[in-house]
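Each chain, written out:
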Amino acid sequence: MAETCNRKLIVEVSNAKNLMPKDGQGTASAYAIVDYDGQRRRTKTKFKDLNPQWDEKLEFLVHDAESMPTEILEINLYNDKKAGKRSTFLGKVKIAGSAFLKAGSETLVYYPLEKRSVFSQIKGEIGLKVFYVDEDPPAAPAEAASETATAPEAVVEEKPPENQKVVDEEKKVEKAEEKKEEDKPKEEEKPKEEKPPEENPNPTPPEAPPAVPPPAEVENPPLALRDKSSDMKNKAAEIVKTQDLRLSDHELRSLSGDRSRSAYDLVDRMPFLYVRVLKAKRGSAESNGPSYAKLVIGTHSIKTKSQTDKDWDQVFAFDKEGLNSSSLEVSVWSEEKKENEECIENCLGTVSFDLQEVPKRVPPDSPLAPQWYSLESEKSPGNDAMLAVWIGTQADEAFQEAWQSDSGGLTPETRAKVYLSPKLWYLRLTVIQTQDLQLGLGSEPKVRSPVLYVKGQLGPQLFKTGRTLIGLSPSSSANPTWNEDLVFIAAEPFEPFLVITVEDVTNGCSVGHVKVQMSTVERRIDDRAEPKSRWFNLVGDETKPYAGRIHVRVCLEGGYHVLDEAAHVTSDVRAAAKQLVKSPIGLLEVGIRGATNLLPVKTKDGTRGTTDAYVVAKYGPKWVRTRTILDRFNPRWNEQYTWDVYDPCTVLTIGVYDNGRYKCDEVGKPGKDVRIGKIRIRLSTLDTNRVYLTSYSLTVLLPGGAKKMGEIEIAVRFSCSSWLSLIQAYASPMLPRMHYVRPLGPAQQDILRHTAMRIVTARLARSEPPLGQEVVQFMLDSDTHVWSMRRSKANWFRVVGCLTRAASLARWLDGIRKWVHSPTTVLVHVLLVAIVLCPHLVLPTIFMYAFLIIVLRFRYRPRVPLNMDPRLSYVDVVGPDELDEEFDGFPTTRSGDVVRIRYDRLRALAGRAQTLLGDVAAQGERLEALFNWRDPRATGIFVVFCLIASLVFYVVPFKVFVLGSGFYYLRHPRFRGDMPSVPLNFVRRLPSLSDQIL
């Protein structure tokens with residue numbers, strides 16, 4: 001199948017910038033070696049150039065188009081040995097096959113050069129265009145076969161003389177030796193891997209590996225030799241397969257998506273009784289009306305769809321632990337309508353199964369073949385039914401589409417689903433200027449100066465520029481200029497148009513508008529080149545088809561990551577552009593096992609409480625939702641999911657909810673899902689390749705206070721095959737490059753984040769079945785910006801907790817200087833003398849002390865990932881009114897008296913914060929006044945002190961000063977007074993600007 005796919009991968013090596021000098025003369029002679037799927041190409045050498053320009057296109061044959069996303073394209077840069085002592089490594093780049101683009105959508109991307117090891121000295125970047133081309137498969141008629149058969153004769157007739165052949169052989173050997181010399185750095189880079197086959201720079205894909213005889217080693221063999229060397233082809237195919245198998249276990253599991261090997265190793269296997277009902281066959285010539293099959297086992301009684309001349313082909317899955325019977329009964333019924341339209345059901349027969357004799361099946365076993373079973377019936381003998389009955393697990397292929405006894409059958413709202421967040425882009429609209437505006441002022445007196453602004457609208461998003469006043473005098477310009485950026489959130493699939501409108505504030509009317517098609521908007525991935533600006537004609541009302549023109553610049557920013565989560569719980573930091581996405585560094589596997597001791601959330605039949613629980617897990621753009629287990633307080637899901645990990649410093653969010661959407665109310669409107677609890681797991685706190693099986697407490701904050709709703713059992717494993725990639729991730733920036741070279745303001749970033757949250761919420765609510773708005777908002781923490789007295793207290797005490805160490809150190813020093821423990825104070829005196837006499841040992845001693853302390857604390861590290869802490873959240877120290885204020889919407893819906901009380905309380909809190917800010921500002925202003933002569937006497941005293949101090953320090957050695965100051969600070973309390981020191985009294989008497997505040 002791979003041979004019929006005519007797909008070529010084109011790698012255009014454009015240039016490199018700021019390479020590391022490697023030839024000992026302050027420069028480098030660089031060339032690139034490109035490897036893909038066992039094929040190797042080499043560019044020319046650019047001598048003595050740290051910014052080489054190649055502009056070469058290298059072609060590779062894609063053997064299997066379906067497996068192309070799993071391949072890795074590797075580009076290695078070397079310094080040519082002809083210009084230096086040896087071939088020196090200059091850097092490498094690895095690009096995953098999933099980032100390849102189709103021809104026509106490629107762009108020039110600059111990739112930073114990566115190190116081969118931690119100690120490599122590498123810098124610079126390389127510009128590449130990587131795309132693939134699909135060609136029409138060539139026809140293979142009989143004529144082509146005959147031409148192929150006659151081709152060897154033509155080749156034999158045109159063979160060169162023998163002596164020329166010897167010369168060619170010598171040249172080939174020389175080329176092969178040069179190739180081996182050039183590939184030595186590659187062998188040093190991969191000492192444990194088998195050497196890849198040598199490839200010819202010719203774009204034509206090679207047919208034979210380097211292990212074959214010389215004629216096929218460097219150049220493509222002639223057609224005659226190809227037809228006669230089928231064994232060479234087999235060897236080449238074996239080598240290609242061997243190279244495919246060289247992928248690590250992590251790459252096979254994360255890139256190829258084949259995770260069946262560890263599909264259910266984090267959860268328990270749940271036994272299910274599967275019944276597949278295909279069809280029935282009637283023995284007698286009776287009426288062929290509609291019929292259905294009925295399954296009865298214990299308290300379960302289920303019917304298939306009623307079909308006429310059609311197969312049922314339905315699968316039923318019964319939770320074996322919930323069965324209270326030892327036999328299964330399957331019966332077939334026919335439906336007949338009489339003249340009075342009364343429907344009569346007749347039993348065509350029954351077949352029974354003893355559950356003790358039902359066979360067991362576990363994947364990867366093949367599916368059980370259905371068989372014909374005779375239906376026992378006294379009235380209608382000779383009928384058969386085709387059935388298959390087996391006992392399997394939740395890993396069975398038929399489980400997802402089967403009728404499930406523990407989740408309400410075939411109800412769509414209770415099924416397990418995987419959702420994907422829409423791909424988000426920043427859309428930047430730069431409004432430059434307008435010209436030739438038709439303001440319509442001909443009939444009005446020219447005493448009014450128009451005030452204009454530009455408004456951009458993308459779907460429900462609307463942003464405006466600042467206002468500009470236009471003068472009406474002949475000397476003033478009527479072409480207002482803004483040069484302002486408006487940033488929108490664009491979600492794929494994009495809205496059809498971006499509407500740009502010029503508004504006149506003075507009369508409240510629109511001057512004109514233009515619709516920009518989103519399909520024509522340019523995309524960019526960095527800031528190296530500004531997108532082209534464009535002129536658009538403005539369209540007015542029906543009487544004004546031309547209202548002027550506007551000059552704008554529009555582009556989709558692919559170099560940013562659009563934040564759609566709270567910054568402290570982000571789970572994805574990849575750029576929007578596919579070309580900038582790197583390969584995953586690990587694999588996250590989560591097993592959602594079950595929950596215990598859940599509290600009832602609603603009532604069933606108005607008599608007893610019940611809970612229909614399901615779990616939602618989110619990491620990156622992928623959301624997973626387990627099936628809903630109906631009417632159980634200890635549900636067992638035992639579902640396992642996987643995510644690719646691109647950054648270890650990200651957070652997995654898991655929420656538990658009660659399903660209220662699978663049933664409608666009296667009006668027919670579905671209910672809302674009720675939150676039961678939420679947990680978060682930070683991946684950086686997990687050990688790699690270790691399974692964490694932990695039960696987490698589920699606590700939910702309600703208007704009446706915090707309430708424990710139960711516990712959830714989760715199994716987590718973070719797998720990573722390369723420690724080097726994991727360590728390098730800690731040294732790389734959190735966000736893509738554009739966030740630092742062209743950052744967005746904090747206020748703008750906050751607005752865009754909440755806009756992205758609303759877009760994601762709306763898109764997931766339109767899925768089928770929908771993921772409710774209340775679920776998505778709870779997972780994304782969309783209310784973190786809302787005022788909360790509880791959160792304010794928690795953040796304040798977090799700051800106090802961070803300063804606790806400094807306060808403890810200050811108390812310890814105060815005890816030393818007061819001689820609370822005399823031996824300790826004497827030892828500090830000795831330490832002070834050692835520091836003064838040997839200052840070069842200060843930093844080594846500090847770092848060695850830190851090393852020993854941190855290593856000793858390793859044994860006390862957290863053994864399990866931490867969960868949300870109610871004590872740290874201060875849910876138990878806030879009153880009911882403060883919790884009610886936190887759950888109040890925006891704007892408020894409470895009465896005026898309640899709002900007045902809360903406002904007064906907020907004013908009192910803000911007054912204390914205001915006083916604290918004033919005191920902090922006063923300390924800085926006192927020091928500033930010391931240098932500005934606000935208090936001439938104080939500044940004069942300080943000037944005299946500086947003069948005397950300069951003379952003293954010129955005479956007294958610095959070590960003597962430090963030693964004397966230390967002894968003076970640590971003097972015995974007998975020699976210390978009770979009043980504040982002179983420097984402190986002097987600083988407190990300096991003036992501040994507080995007396996100038998109204």
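Residues numbered from 1 in each chain as written. Predicted model: local features only at pLDDT ≥ 70, side-chain atom pairs only at ≥ 80, totals over all residues. Heavy atoms only, no water.

Visitor: Run through the overall build of the chain, naming residues and quoting values.
Guide: Within the chain, the regular secondary structure consists of 20 helices and 39 strands. For the chain, the proportion of its 998 residues judged to be buried stands at 40%. In the chain, the proportion of contacts linking residues at least 24 apart, taken out of those at least 6 apart, comes to 68%. When the accessible surface of the chain is summed, it comes to about 55,600 Å², and 56% of that surface belongs to carbon and sulfur atoms. (Helix = DSSP H or I, 4+ residues; strand = E, 2+ residues; numbered from the N terminus. Buried < 20%, exposed > 50% of the residue type's maximum accessible area, 1.4 Å probe, protein only. Contact = heavy atoms within 4.5 Å. Areas by Shrake-Rupley, 256 points an atom, 1.4 Å probe, with all protein chains shown as cover.)

Visitor: Residue-level account of the pairing of strand E30 (residues 586-596), with values.
Guide: For E30, a buried count of ten out of eleven residues is recorded, marking the element as mostly surrounded by other parts of the structure. Judged from the eight bridges that link them, E30 and strand E35 (residues 636-645) form a sheet pairing that is antiparallel. Residue pairing in the sheet places Gly-591 in a bridge with Gln-640 of E35. Sheet topology note: the E30/strand E39 (residues 705-719) ladder contains nine bridges and is antiparallel. Looking at the pairing, Ala-595 lines up with Ile-712 of E39. (Pairing = 2+ DSSP bridges.)

Visitor: Give a detailed account of the pattern of salt bridges, specifying residues and quantitative values.
Guide: The final tally for this structure, using the stated rule, is 51 salt bridges. Between Glu-557 and Arg-428 there is a salt bridge, with its nearest N and O atoms 2.8 Å apart. Of this pair, Glu-557 sits in strand E29 (residues 549-557) while Arg-428 sits in strand E20 (residues 424-435), and the two are 129 residues apart along the sequence. You can call Glu-557 buried: its relative accessible area is 1%. What makes Arg-428 buried here is its relative accessible area of 6%. Here the residues in one salt-bridge network are Arg-428, Asp-485, Arg-524, Glu-530, Glu-557 and Arg-742, joined through shared partners. (Salt bridge = Lys/Arg side-chain N within 4 Å of Asp/Glu carboxyl O.)

Visitor: Can you break down the UniProt feature "transmembrane region" (unreviewed entry) in the chain residue by residue, with the values?
Guide: Per the UniProt entry, the sites bearing "transmembrane region" (unreviewed entry) are residues 826-856 and 941-970 in this numbering. Helix and strand shares over residues 941-970 are 90% and 0% respectively, and the end C-alpha atoms of the span are 27 Å apart. (UniProt positions renumbered as here; feature names shortened; annotations may be inferred.)

Visitor: Before we move on, could you go through the sheet that holds strand E38 (residues 691-702) and cite the residues and values that matter?
Guide: One open sheet accounts for four strands, arranged E35-E30-E39-E38; its pairing is antiparallel. Two strands bound the open sheet, and with one partner strand each, they are E35 and E38. Each neighbouring strand pair of the sheet contributes to a mean axis angle of 30°, computed without reference to strand direction. (Axes fitted to C-alpha atoms, helices over the stretch in contact; angles between N-to-C directions.)

Visitor: Break down helix H17 (residues 896-932) for me, with residues and values.
Guide: Relative to the 54 Å expected for 37 residues at 1.5 Å per residue, H17 spans 51 Å between its end C-alpha atoms, a close match to the ideal helical length. Those residues of H17 that sit buried are Arg-902, Ala-922, Arg-926, Ala-929 and Leu-930. Against helix H16 (880-887), helix H18 (936-955) and helix H20 (982-988) lie the buried residues of H17. Two residues or fewer past H17, Trp-933 is found with a positive phi of approximately 60°. (Expected span 1.5 Å × (residues − 1).)

Visitor: Can you explain the packing of aromatic side chains? Please cite residues and give values.
Guide: Taken as a whole and judged by the stated rule, the model has 18 aromatic pairs. For the pair Phe-353 and Tyr-373, a centre-to-centre distance of 5.1 Å together with 80° between the ring planes defines the contact as edge-to-face. Of this pair, Phe-353 sits in strand E15 (residues 343-354) while Tyr-373 is found in strand E16 (residues 371-374), placing the two residues 20 residues apart along the sequence. Ring centres of Tyr-426 and Tyr-560 lie 5.5 Å apart, and the angle between their planes is 75°; this geometry places the pair in the edge-to-face category. Taken together, the residues span a long stretch of sequence, with Tyr-426 in strand E20 and Tyr-560 in the loop between E29 and E30 at a distance of 134 residues. Each member of the pair Tyr-426 and Tyr-560 is classed as buried. Members of the aromatic cluster, each reached through a chain of ring pairs, are Phe-272, Tyr-274, Trp-390 and Phe-399. Over the ring of Tyr-968 we find Arg-971; its NZ or CZ atom is 4.0 Å from the centre of that ring. (Phe/Tyr/Trp six-rings, centres within 6.5 Å; stacked < 30°, edge-to-face > 60°. Lys NZ or Arg CZ within 6 Å of the ring centre and 35° of its normal.)

Visitor: Talk me through the sheet that holds strand E36 (residues 651-658); I want residue IDs and the actual numbers.
Guide: The five strands lie next to each other as E19-E34-E33-E36-E37, forming an open sheet whose pairing is antiparallel. The open sheet terminates on both sides in strands that have one partner only, identified here as strand E19 (417-420) and strand E37 (674-682). Taken over all neighbouring pairs, the strand axes of this sheet differ in orientation by 20° on average, direction set aside. Note: E36 against E37, eight bridges, orientation antiparallel. Bridge pairing in E37 places Val-651 opposite Arg-682.

Visitor: Outline the nonpolar core, supporting the account with residue identities and numerical values.
Guide: Within soluble globular proteins, side chains that are nonpolar generally end up buried alongside one another. In this structure, Leu-9, Leu-73, Ile-75, Leu-77, Ile-95, Phe-100 and Ile-126 are the most contacted members of the largest nonpolar core, which totals 37 residues. Residue assignment for this core shows that the elements contributing at least two residues are strand E1 (7-17), strand E2 (30-36), strand E4 (53-62), strand E5 (72-79), strand E6 (88-96), strand E8 (109-112) and strand E9 (125-134). With six residues, E2 is the largest single contributor of residues to this core. Discounting chain neighbours no more than four positions away, the residues touching Ile-75 are Ala-32, Ile-33, Val-34, Gly-91, Lys-92, Val-93, Ile-95, Ile-126 and Leu-128. In this structure, Ile-654, Leu-686, Phe-718 and Ala-729 belong to the second largest nonpolar core, which totals 36 residues. (Core = buried A, V, L, I, M, F, W, Y, C linked by side-chain atoms within 4.5 Å.)

Visitor: Talk me through unusual backbone geometry; I want residue IDs and the actual numbers.
Guide: Of note, the amide linkage connecting Glu-492 to Pro-493 takes the cis form, showing an omega dihedral of -10°. Relative to the elements of secondary structure, Pro-493 occurs in the loop between strand E24 (481-491) and strand E25 (497-504). In this structure, Pro-769 follows Glu-768 across a cis peptide bond, with omega equal to 0°. Here Pro-769 is to be found in the loop between helix H9 (746-765) and helix H10 (773-780).

Visitor: Tell me about a nonpolar patch on the surface, and name the residues and values.
Guide: Taken together, the side chains of Val-944, Ile-948, Val-952, Phe-953, Tyr-954, Val-955, Val-956, Phe-958, Val-960 and Phe-961 define a hydrophobic patch exposed on the protein surface, amounting to about 1,000 Å² of accessible area. Ranked by residues supplied to the nonpolar patch, first place goes to H18 with six residues. Residue position: Tyr-954 is located in helix H18. (Patch = residues over 30% accessible without salt bridge, like charges linked within 9 Å, V, L, I, M, F, W, Y side chains within 5 Å.)

Visitor: Go over H18 with me, naming the residues and quoting the values.
Guide: Here H18 spans 29 Å end to end across 20 residues, near enough to the 28 Å set by a 1.5 Å rise per residue. By the burial criterion, the buried members of H18 are Ala-938, Thr-939 and Ala-949. Taken end-on, H18 shows its buried residues confined to a sector of 90°, consistent with a single buried face. Of the residues in H18, the exposed ones pointing more than 90 degrees away from the buried face are Arg-937, Ile-941, Leu-947, Leu-951, Tyr-954 and Val-955. (Arc of directions from axis to C-beta.)

Visitor: Report on the packing of helix H13 (residues 822-837) against helix H19 (residues 958-969), specifying residues and quantitative values.
Guide: Two elements in contact, H13 and H19, have axes separated by 10 Å at closest approach and are oriented at 170°. Classified by the interaxial angle, the pair formed by H13 and H19 is roughly antiparallel. Handedness of the H13/H19 crossing: right-handed. Across the interface between the two elements, His-829, Leu-832, Val-833, Val-836 and Leu-837 from H13 touch Lys-959, Val-962, Leu-963, Gly-966 and Phe-967 from H19. (Parallel < 35°, antiparallel > 145°, perpendicular 65-115°, else oblique. Left-handed = near helix turned anticlockwise from the far one by under 90°.)

Visitor: A description of the side chain of Arg-627 should follow, citing residues and the corresponding values.
Guide: On the secondary structure map, Arg-627 appears in the loop between strand E34 (622-625) and E35. You can call Arg-627 buried: its relative accessible area is 1%. Separated by 3.2 Å, the side chains of Arg-627 and Asp-406 make a polar contact. In this structure the side chain of Arg-627 is engaged in a polar contact, spanning 3.0 Å, whose partner is the side chain of Glu-639. (Polar contact = N/O pair within 3.5 Å; in protein donor to acceptor, adjacent residues only side chain to side chain.)

Visitor: Pulling in residues and values, what's your account of the environment of Leu-424?
Guide: On the secondary structure map, Leu-424 appears in strand E20. Accessibility expressed as a relative area gives 9% for Leu-424, which makes it buried. Distance from Leu-424 to Ala-577, taken between C-alpha atoms, is 9.9 Å for residues 153 residues apart in sequence.

Visitor: Talk me through the confidence of the model for the chain; I want residue IDs and the actual numbers.
Guide: Scored by pLDDT, the chain has a mean of 81; 83% of the residues are at 70 or more. pLDDT under 50 marks residues 140-262. Its contacts with residues more than four places away, or in other chains, come to 140 contacts. This model gives residues 442-447 a pLDDT under 50, and the stretch forms one contact once residues within four places in sequence are excluded. (pLDDT = per-residue confidence, 0-100.)

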